[in-house]
Amino acid sequence: MYIAIPFLVKLCPAIQAKLVFLNFVRVPYFIDLKRPQDQGLNHTCNYYLQPEEDVTIGVWHTVPAALWKNARGKDQLWFEEALGSSHPVILYLHGNAGTRGGDHRVELYKVLSSLGYHVVTFDYRGWGDSIGSPSERGMTYDALHVFDWIKARSGDNPVYIWGHSLGTGVATNLVRRLCERETPPDALILESPFTNIREEARSHPFSVIYRYFPGFDWFFLDPITTSGIKFANDENVKYISCSLLILHAEDDPVVPFHLGKKLYNIAATSRSFRDYKVQFVPFHTDLGYRHKYIYRSPELPRILREFLGKSEHEHHH
């Protein structure tokens, strides 16, 4: 088995693509994504959008705490119009495996909503109840479609983009495109980001048993690249011009802390961020936030208030 697996992956790169996306892993399995209220999100509307023909994506929109009372029993039109009320909007791009209803994701929506943000999140094509087959291009296009959908309704309210884990790759792809077409978001937040998918795959716990296997790159990393999967955060940040906040736990077992730090160092010295704030916030190992529990930090509200307060300030000048 040990010897056979590398050859199998090399002969069938689609296996490696599946391992990157893990979109077929539905955890928790029995969630009805049409009913966000089952996850305790009583002020959330479920939408379906169509980024292109034959692709449908499921979207959740959670309103800020100030609108909770009004949101009860309201229809989709009310929720869409609410994006124009004077509250900032966060577009959340989730990582691999699971759905928009994943536990740690839902807990983050609740935190952000309580801090006064609209949260719009969705499942990329091929995840959850979204229809289509996953690819890096497709995921980025879905994110672009949802961003444009928000901007068509959000008026002058700030729109921030938050990516987690594999979602940081979608986020930098998206924001690079937005900056190139001169419609940047008001800020970019990367939670537990990597530099690029090859470096991440080399550091991933799955690859530990093969790390010293002769030809590791050829067997395991080249098939990812062959499948057209790059998620090159380290390249993308050189073309991004907006405020950037990176959050990373030192005890992250999935995306090593040093990759987040390396990405920060690349961004901090990049000319594209010359006029913008780039901030790195580490979370100490003792806190135990690992890969997906930074939402538990009592410091998070202050970190966001200070960082986004400043980026809003820059936005208006």
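Everything numeric in this text was worked out from a predicted model, so none of it was measured.

Helix and strand counts for the protein stand at twelve helices and eight strands. Expected size for 317 residues packed as a compact globule is a radius of gyration near 20 Å; at 19 Å, the protein falls within 12% of this value. In terms of overall dimensions, the protein has C-alpha extents of about 60 × 45 × 40 Å along its principal axes. By the burial criterion, 56% of the 317 residues in the protein qualify as buried. Of all intrachain contacts in the protein linking residues separated by at least 6 positions in sequence, the fraction that spans at least 24 positions is 75%. Carbon and sulfur atoms form 55% of the exposed surface of the protein, whose accessible area is close to 13900 Å².

So, on to helix α11 (residues 257–268). Between its terminal C-alpha atoms α11 stretches 17 Å, which fits the 16 Å expected from twelve residues at 1.5 Å a residue. Buried within α11 we find L259, G260, L263, Y264 and A267. Along the long axis of α11, the arc covered by the buried residues comes to 140°, so they all point the same way.

Counting 67 residues, the largest nonpolar core has F21, L91, L93, F122, I161, L188 and F231 as the members making the most contacts within it. If sequence neighbours within four positions are ignored, I161 has contacts with L91, L93, F147, A171, L174, V175, L178, P185, A187, L188 and I189. The next biggest cluster of nonpolar side chains, apart from the first, holds 29 residues, and it includes Y160, L245, A249 and F307.

Attention now moves to the UniProt feature "domain: AB hydrolase-1" (unreviewed entry) in the protein. As annotated in UniProt, the feature "domain: AB hydrolase-1" (unreviewed entry) corresponds to residues 88–193 in the numbering used here. As annotated, residues 88–193 has a helix share of 41% and a strand share of 20%, and its two end C-alpha atoms lie 23 Å apart.

Judged by how many residues are buried, strand β6 (residues 187–191) sits mostly within the fold: five of five residues are covered. Of the two faces of β6, both are covered, the one formed by A187, I189 and E191 as well as the one formed by L188 and L190. As judged from the five bridges shared by strand β5 (residues 159–164) and β6, these two strands associate in the parallel manner. Following the sheet pairing, G163 is matched in β6 by L190.

The subject of this paragraph is the packing of helix α1 (residues 4–11) against helix α2 (residues 13–21). In the contact formed by α1 and α2, the axes pass within 4 Å of each other and the chain directions differ by 100°. The angle between the axes of α1 and α2 places the two elements in the roughly perpendicular class. Between α1, through L8, V9, K10 and L11, and α2, the contact on the second element is made entirely by P13, I15 and Q16.

Further remarks concern the pairing of strand β7 (residues 243–249). Most of β7 sits inside the fold, with seven of its seven residues counted as buried. Here β7 shows two buried faces, one formed by S243, L245, L247 and A249 and the other by L244, I246 and H248. Sheet topology places β6 next to β7; five bridges connect them, and they run parallel. Across the sheet, L190 pairs through a bridge with I246, a residue of β7. Direction of pairing for β7 relative to strand β8 (residues 278–283): parallel, over a ladder of six bridges. Residue H248 lies in a different strand from β8, and its bridge partner there is P282.

Considering all chains together, one arrives at ten aromatic pairs under this definition. Here the aromatic rings of F122 and Y124 are separated by 5.3 Å at their centres, their planes lie at 80°, and the arrangement is edge-to-face. As far as the burial class goes, F122 and Y124 line up, both buried. Lying over the aromatic face of W78, K74 brings its terminal NZ or CZ to 5.6 Å of the ring centre. The residue whose ring lies beneath R176 is Y239, and the NZ or CZ to ring-centre distance is 3.8 Å.

Rules of the game
- Residues numbered from 1 in each chain as written.
- Predicted model: local features only at pLDDT ≥ 70, side-chain atom pairs only at ≥ 80, totals over all residues.
- Heavy atoms only, no water.
- Helix = DSSP H or I, 4+ residues; strand = E, 2+ residues; numbered from the N terminus.
- Rg over C-alpha atoms; globule rule 2.2 N^0.38 Å.
- Buried < 20%, exposed > 50% of the residue type's maximum accessible area, 1.4 Å probe, protein only.
- Contact = heavy atoms within 4.5 Å.
- Areas by Shrake-Rupley, 256 points an atom, 1.4 Å probe, with all protein chains shown as cover.
- Expected span 1.5 Å × (residues − 1).
- Arc of directions from axis to C-beta.
- Core = buried A, V, L, I, M, F, W, Y, C linked by side-chain atoms within 4.5 Å.
- UniProt positions renumbered as here; feature names shortened; annotations may be inferred.
- Pairing = 2+ DSSP bridges.
- Axes fitted to C-alpha atoms, helices over the stretch in contact; angles between N-to-C directions.
- Parallel < 35°, antiparallel > 145°, perpendicular 65-115°, else oblique.
- Phe/Tyr/Trp six-rings, centres within 6.5 Å; stacked < 30°, edge-to-face > 60°.
- Lys NZ or Arg CZ within 6 Å of the ring centre and 35° of its normal.

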